[in-house]
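Chains, contacts and geometry: an overview
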Amino acid sequence: MLSALVSAGMLACGGGDRAEPAAAQPARRGLWVLAEGSQRVLEHPDRIPALIATARSLAATDLFVQVYRGGRAWYETGLADDSPFRAARDAAAGADPLAVLLREAHAAGLRVHAWVNVLSLSQNRDAPLLRDLGRDAVLVDQHGRSLLDYPDLEVPPPDDAYYRMGTPALYLDPAAIGLSERLAATFAELVARHPELDGLHLDYIRLPDVLPFAPGSRFGVGLDFGHSASTRALFRDQTGLEAPQPKSSANAEVWDAWRRDRVTALVAAIRSAARAAQPKLEISAAVIPYADRAYLSLFQDWRRWLEDGLLEFAVAMVYTRDDRLLRYQTESFAGTPLAPRIWLGLGSWIFAGEPARAVEQIRIAQRAGARADALFSYDAIVEAPALAQALAQPAAAGP
């Protein structure tokens, strides 16, 4: 790992230790690199030099390279479908594209974080994880309907008149028997095979977003997940209480806290396994920027993860065209003790046709106190040459 420093100059912390401020605050800028976007860098290793050149032109210091999505892996593994890796290796005449990227990125002074989609299988019903753990690995709603049975992964009627899935996908139940161990082993294997990795970047480490949002289950409204028979039985065994029934708020706050703790326990398990393989690894997560909504509705208590030392830093995905909202959110982060470890994830792709606005959002975030940022995404920026040119100007330099 090129540096043991965490985002914005905090010393890397382990286990449940709190981070203490370091003397200096090196600027950091991340760049997300999609596994299945337009560039598919890990499937075409000859595109790696272009990635490195673009990253340097954007003043990036860190690459978040997607290597696990939908239960498919762009690295060698026996715990997921690694056909993308094997095809890429064959195309590269036997070379490991991720190893090549790590070598070339490090030579250019860039850190590389393996970006993994944790609790989303996208639309992959054939993932080895489902074959091995069974249907109970997938979330079930309070009416007993598995996401596996949702039509086109959208809310079934009659509820579709009132709700929709924010990001339709097969989401895994963090309380499912064997799931935490399986995911922790999957990512530990990744780190063990590539000890040169600087970080592990967790995405989709939450329950599904359903529109409109409901603030947990205590009001007995909304669409709620985590109700498989095995998960409800585990809750009963561990608390002595019954999980709420539809339109009921009995034991709702305990139920919500328990489900939230299951996600946190998964983060802890992944961290423990990954850091055992590479003790200096930075663990980070892409998180919902509305922290209270993340906590209440998506069971993603990322502020606790920072406080308890489970993450070195979090990247709050502030994807918006509303500049005032961007400033409000940035200021809200900047005013907390966690500020040095919260990066701003900017939706640069939104402004492919308005590159000056993408640059202005960087300025807004910096003026509002952002200490580090990340741009989404490399693929979108490459597809829009005017955007790439604007973001490469000194005005868009890192914080």
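Read on for a plain summary of the structure. The model shown is predicted, which means the values in this text are computed figures rather than measured ones.

1. Concerning helix α2 (residues 83–91)
Within α2, the full set of buried residues consists of Pro-84, Phe-85 and Ala-88. An end-on view of α2 places all buried positions within 100° of arc, on one side of the element. As for α2, its buried residues are in contact with β3 (72–73) and α3 (97–107).

2. Focus on the packing of aromatic side chains
Per the stated rule, a full pass over the model turns up 18 aromatic pairs. Geometrically, the ring pair formed by Tyr-171 and Tyr-204 is tilted, given 6.3 Å between the ring centres and 55° between the ring planes. Of the two residues, Tyr-171 is situated in the loop between β5 (164–165) and α5 (179–193) and Tyr-204 in the loop between β6 (199–203) and β7 (210–211); the sequence distance between them amounts to 33 residues. Exposure remark for Tyr-171: the relative accessible area of 0% places this residue in the buried category. Relative to Trp-258, the ring of Phe-235 lies with its centre 5.4 Å away and its plane at 70°, an arrangement referred to as edge-to-face.

3. Looking at the side chain of Gln-361
Its location among the elements puts Gln-361 in helix α11 (residues 355–367). If we skip the residues at most four places from it in the chain, Gln-361 touches Thr-320, Arg-321, Asp-323, Leu-326 and Phe-351.

4. Examining the layout of surface pockets
Counted as a void, the largest pocket has a volume near 820 Å³. The set of elements that each furnish at least two residues to the lining of the largest pocket consists of β2 (62–69), β4 (111–117), β9 (313–318) and α10 (323–334). In terms of residue class, the lining of the largest pocket is built from 19 nonpolar, ten polar and seven charged. For the second largest pocket, the calculated volume is near 230 Å³. Here the lining of the second largest pocket is built from residues that sort into six nonpolar, eight polar and three charged.

5. Some points on the pairing of strand β10 (residues 342–346)
For a regular strand, the rule is simple: side chains alternate between the two faces of the sheet. Counting buried positions along β10 gives five out of five residues, so the element sits mostly inside the fold. Burial of the side chains of β10 extends over both faces: Ile-342, Leu-344 and Leu-346 are buried on one face and Trp-343 and Gly-345 on the other. For β9 and β10, the ladder comprises five bridges, and the chain directions are parallel. Counted as the bridge partner of Val-315 is Trp-343 from β10. Sheet topology places β10 next to strand β11 (residues 372–375); three bridges connect them, and they run parallel. Bridge pairing links Leu-344 to Asp-373 in β11. Regarding topology, α11 serves as the crossover connection from β10 to the parallel β11, and that connection is right-handed.

6. Notes on empty space enclosed by the protein
Tallied over the entire structure, the rule returns three cavities of 30 Å³ or more. In this model, the largest cavity occupies a volume close to 160 Å³. As for the largest cavity, its lining consists of 18 residues, and the residues nearest its centre are Val-210, Ala-214, Leu-223, Asp-224 and Ser-297. Grouping the amino acids of the lining of the largest cavity by side-chain chemistry returns twelve nonpolar, four polar and two charged.

7. Remarks on the pattern of salt bridges
Counted according to the given criterion, the structure contains 30 salt bridges. Between Asp-373 and Arg-29 there is a salt bridge; the shortest N-O distance is 2.8 Å. Residue Asp-373 is located in strand β11, and its partner Arg-29 is located in strand β1 (residues 28–33); the two are separated by 344 residues in the primary sequence. The class for Arg-29 is buried, based on a relative accessible area of 1%. In the salt-bridge network here, residues are joined through shared partners; they are Arg-28, Asp-62, Arg-111 and Glu-282.

8. A few points about α10
Here α10 spans 16 Å end to end across twelve residues, near enough to the 16 Å set by a 1.5 Å rise per residue. Buried residues along α10 sit against α9 (302–307), β9, β10 and α11.

9. Looking at unusual backbone geometry
Residues apart from glycine generally show negative phi values, whereas peptide bonds are mostly found in trans. Of note, the amide linkage connecting Pro-157 to Pro-158 takes the cis form, showing an omega dihedral of 0°. Tracing the backbone shows Pro-158 in the loop between α4 (128–133) and β5. At Ala-59, a residue that is not glycine, the phi angle is positive and equals roughly 65°. Among the structural elements, Ala-59 can be located in the loop between α1 (48–57) and β2.

10. Considerations on the pairing of strand β8 (residues 282–287)
Taking burial as the measure, the six residues of β8 include six buried ones, the bulk of the element. On β8, burial covers both faces: Glu-282, Ser-284 and Ala-286 on one face and Ile-283, Ala-285 and Val-287 on the other are all buried. As judged from the four bridges shared by β6 and β8, these two strands associate in the parallel manner. Directly across from Leu-200, in β8, lies its bridge partner Ile-283.

11. Some details on the packing of α5 against helix α7 (residues 252–277)
The geometry of α5 relative to α7 is characterised by a closest axis approach of 8 Å and an angle of 30° between their N-to-C directions. Between α5 and α7, the angle is such that the two are roughly parallel. The handedness of the crossing between α5 and α7 is right-handed. Taken together, the residues of α7 that come into contact with α5 (itself represented by Ser-180, Leu-183, Ala-184, Phe-187, Ala-188, Val-191 and Ala-192) are Leu-266, Ala-269, Ile-270, Ala-273, Ala-274 and Ala-277. Taken together, the residues of the contact of α5 with α7 sort by class into twelve nonpolar, one polar and no charged.

Conventions adopted
- Residues numbered from 1 in each chain as written.
- Predicted model: local features only at pLDDT ≥ 70, side-chain atom pairs only at ≥ 80, totals over all residues.
- Heavy atoms only, no water.
- Buried < 20%, exposed > 50% of the residue type's maximum accessible area, 1.4 Å probe, protein only.
- Helix = DSSP H or I, 4+ residues; strand = E, 2+ residues; numbered from the N terminus.
- Arc of directions from axis to C-beta.
- Contact = heavy atoms within 4.5 Å.
- Phe/Tyr/Trp six-rings, centres within 6.5 Å; stacked < 30°, edge-to-face > 60°.
- 1 Å grid on protein atoms, 1.4 Å probe; cavity = no way out; pocket = protein on both sides within 12 Å on 5 of 7 lines; lining within 4 Å.
- Points joined across faces, edges and corners; volume = space filled by probe spheres on them.
- Nonpolar A, V, L, I, M, F, W, Y, C, P; charged D, E, K, R; others polar.
- Pairing = 2+ DSSP bridges.
- Right-handed = clockwise from strand over helix to strand, strands pointing away.
- Salt bridge = Lys/Arg side-chain N within 4 Å of Asp/Glu carboxyl O.
- Expected span 1.5 Å × (residues − 1).
- Axes fitted to C-alpha atoms, helices over the stretch in contact; angles between N-to-C directions.
- Parallel < 35°, antiparallel > 145°, perpendicular 65-115°, else oblique.
- Left-handed = near helix turned anticlockwise from the far one by under 90°.

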